[in-house]
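# Reading the structure
Listed here are the chains, written in short residue letters.
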Amino acid sequence: MSKEIFKRLTVDLGDRSYDILVGENLVTNAGKLVQPFLKQQRTFIITDENVAKHHLATLEDALSFEGITSKSLILPYGEQTKSFGQLEKVIDFLLENKIDRKSTLIAFGGGVIGDLAGFAAATVMRGIDFIQIPTTLLSQVDSSVGGKTGINTSRGKNLVGSFHQPQIVLADIGLLQTLPHRELLAGYAEVVKYGLINNPNFFAWLEDNGAQVVGGSHQIQTQAVLTSCKAKADIVALDERESGARGLLNLGHTFGHALEAEARYNGSLLHGEAISIGMVMAHDLSAELGLCHVKDAQIVRAHFQKIGLPIETSFVSSNALGGKKLEVSRLMDHMSRDKKVSDGRLTFVMTKGIGQAYLDNAVDITTVSEFLERTVTK
Ligand SMILES: NC(=O)c1ccc[n+]([C@@H]2O[C@H](COP(=O)([O-])OP(=O)(O)OC[C@H]3O[C@@H](n4cnc5c(N)ncnc54)[C@H](O)[C@@H]3O)[C@@H](O)[C@H]2O)c1
Ligand SMILES: O=C(O)C(=O)C[C@@H](O)[C@H](O)[C@H](O)COP(=O)(O)O
Ligand SMILES: [Zn+2]
């Protein structure tokens, strides 16, 4: 294997356990790395047009070098690809090419491709194996790990999907070189999330090193991806199907997903941008309710702002709504369909301070609505 440098983490899920490899040149060596997981020498690659342009030939050559055949489907890029229409396209492609239950699907792209292709793998022929080769910072630190797959519907984010764990995750840091800066920043929001959930030391490290994560240092990016994947793997191992602790990974997402739905998934508001704003809101609300110090909420706000991420809902109004104000009733309506709603009650991820997030089902909905009235009309 040429210049193989990677670190290995395991997601410990009994007979569904798998490894995450983090390092350089993993795509160049993908044939050798995935070979042990294939039940036949036939793979199907799902990717998008940007990833295909930069990296698809390298992956296809690497597979072919080991005698593994591959057929590739190149989809449009962007959040709107996580849809029923594109899911049908993926399934048609697989069936037309005579996929069978021993075939393996390779999700080669960011979170959009990972979620969509993972869901196709979960459902076609009642489930086939799949491998994640995440190509964005966001997908390397979050979406490729943990087995949440799915698509958006006209009613909101990720409302159709399933849990389907990959066989292996190859997080090739070198791929991030071609990623646009805005996308790196969006991925960085999910990195910070792990510090804010339960790791204040990691947050402190990011205060010092965050600029290098989004600045392109491979060494610092590798460290950030490893720490993030370890944090996610630990939570997923505790609670694979989100009956409790895994809900913490939703920090900022109840607000963030509602903002994304309002922005209509058209590229004007990226997922990471939405949850940057959402995490600031979660800290502000926690501070308003006296659950955490105002100072902590200010530190979080300042961190995201310094790195260049949006922190105000006015970003959504001006970027996605042509200056029109967000409507609180519409945001509340989206939030009422959050997957953390049970018996009509919404569980929020709140915080007692940096690295002290917790699940709170006692937050009064009127309080949230009043908080939004003040926040989104600013
Ligand atoms: N399943 C989960 O646990 C989970 C976790 C977090 C986020 N998500 C989902 O992930 C999605 C967001 O993922 P994302 O931020 O990776 O977005 P994405 O998949 O849309 O990728 C971002 C953009 O970068 C381009 N791109 C990808 N890799 C590239 C590369 N190496 N070089 C150049 N361009 C590249 C893509 O074409 C796209 O335009 C959202 O739908 C979100 O809901 C899922
Ligand atoms: O893996 C998880 O669990 C997460 O919540 C990770 C989130 O970053 C991610 O955006 C996820 O897709 C949200 O899932 P949802 O169930 O809230 O739609
Ligand atoms: Zn997320």
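Look up a bit, the structure's there.
Residues numbered from 1 in each chain as written. Chains lettered and ligands numbered in written order. Predicted model: local features only at pLDDT ≥ 70, side-chain atom pairs only at ≥ 80, totals over all residues.

### Regarding the site of ligand 1
Near ligand 1 there are 33 residues, and of these Asn50, Tyr77, Gly110, Gly111 and Ser143 occur at the shortest range. Looking at the shell around ligand 1, the elements that each hand over two or more residues are helix H2 (49-65), helix H4 (111-123), helix H5 (137-143), strand S8 (156-163), helix H6 (181-198) and helix H10 (271-288). Taken together, the residues of the shell around ligand 1 break down into 8 nonpolar, 16 polar and 9 charged. Inspection of the shell around ligand 1 shows a minimum of three residues originating in each of domain 1 (5-178) and domain 2 (181-376). (Near = placed C-beta within 6 Å. Helix = DSSP H or I, 4+ residues; strand = E, 2+ residues; numbered from the N terminus. Nonpolar A, V, L, I, M, F, W, Y, C, P; charged D, E, K, R; others polar. Domains from an automatic or database assignment.)

### Some thoughts on the environment of Thr135
Checked against the element boundaries, Thr135 lands in the loop between strand S6 (129-134) and H5. Separated by 22 residues in sequence, Thr135 and Ile113 place their C-alpha atoms 9.7 Å apart. Apart from the residues within four sequence positions on either side, Thr135 is in contact with Val51, His55, Phe108, Gly109, Gly110 and Leu175. (Contact = placed C-beta atoms within 7 Å.)

### A short note on helix H14 (residues 365-376)
Between its first and last C-alpha, H14 extends 16 Å over 12 residues, near the 16 Å set by a 1.5 Å rise per residue. Looking at the packing, one finds that the buried side of H14 touches H10 and helix H13 (328-335). (Expected span 1.5 Å × (residues − 1).)

### Describing the site of ligand 2
Lining the immediate environment of ligand 2, one finds Asp142, Gly146, Lys148, Lys157, Asn158, Glu190, Glu242, Arg246, Leu249, Asn250, His253 and Lys339. Taken together, the residues of the shell around ligand 2 break down into 1 nonpolar, 4 polar and 7 charged. When residues of the shell around ligand 2 are sorted by domain, at least three fall in each of domain 1 (5-178) and domain 2 (181-376).

### Points about the packing of H13 against H14
Running from N to C, H13 and H14 cross one another at 130°; their axes reach a closest spacing of 10 Å. Relative to H14, the element H13 is oriented oblique. The chirality of how H13 crosses H14 is right-handed. Between H13 and H14, the contacting residues are Val328, Leu331 and Met332 on the first element and Ser369, Leu372, Glu373 and Val376 on the second. (Axes fitted to C-alpha atoms, helices over the stretch in contact; angles between N-to-C directions. Parallel < 35°, antiparallel > 145°, perpendicular 65-115°, else oblique. Left-handed = near helix turned anticlockwise from the far one by under 90°.)

### Concerning the pairing of strand S9 (residues 168-172)
Most of S9 is tucked away: 4 of the 5 residues are buried. In terms of strand pairing, strand S2 (residues 18-24) meets S9 through 5 bridges, oriented parallel. Note on S9: the bridge partner recorded for Gly23 is Asp172. (Buried ≥ 20, exposed ≤ 12 C-beta atoms within 10 Å, placed from the backbone. Pairing = 2+ DSSP bridges.)

### Section: the nonpolar core
Of all hydrophobic cores here, the largest spans 117 residues; its most connected members are Ala30, Ile46, Leu105, Ala117, Ala120 and Tyr188. The element contributing the most residues to this core is H6, with 10 residues. Counting the residues that make up this core, at least three belong to each of domain 1 (5-178) and domain 2 (181-376). Setting aside its immediate chain neighbours within four residues, Leu105 contacts Phe44, Ile46, Ala117, Ala120, Ala121, Ile128 and Phe130. (Core = buried A, V, L, I, M, F, W, Y, C linked by C-beta atoms within 7 Å.)

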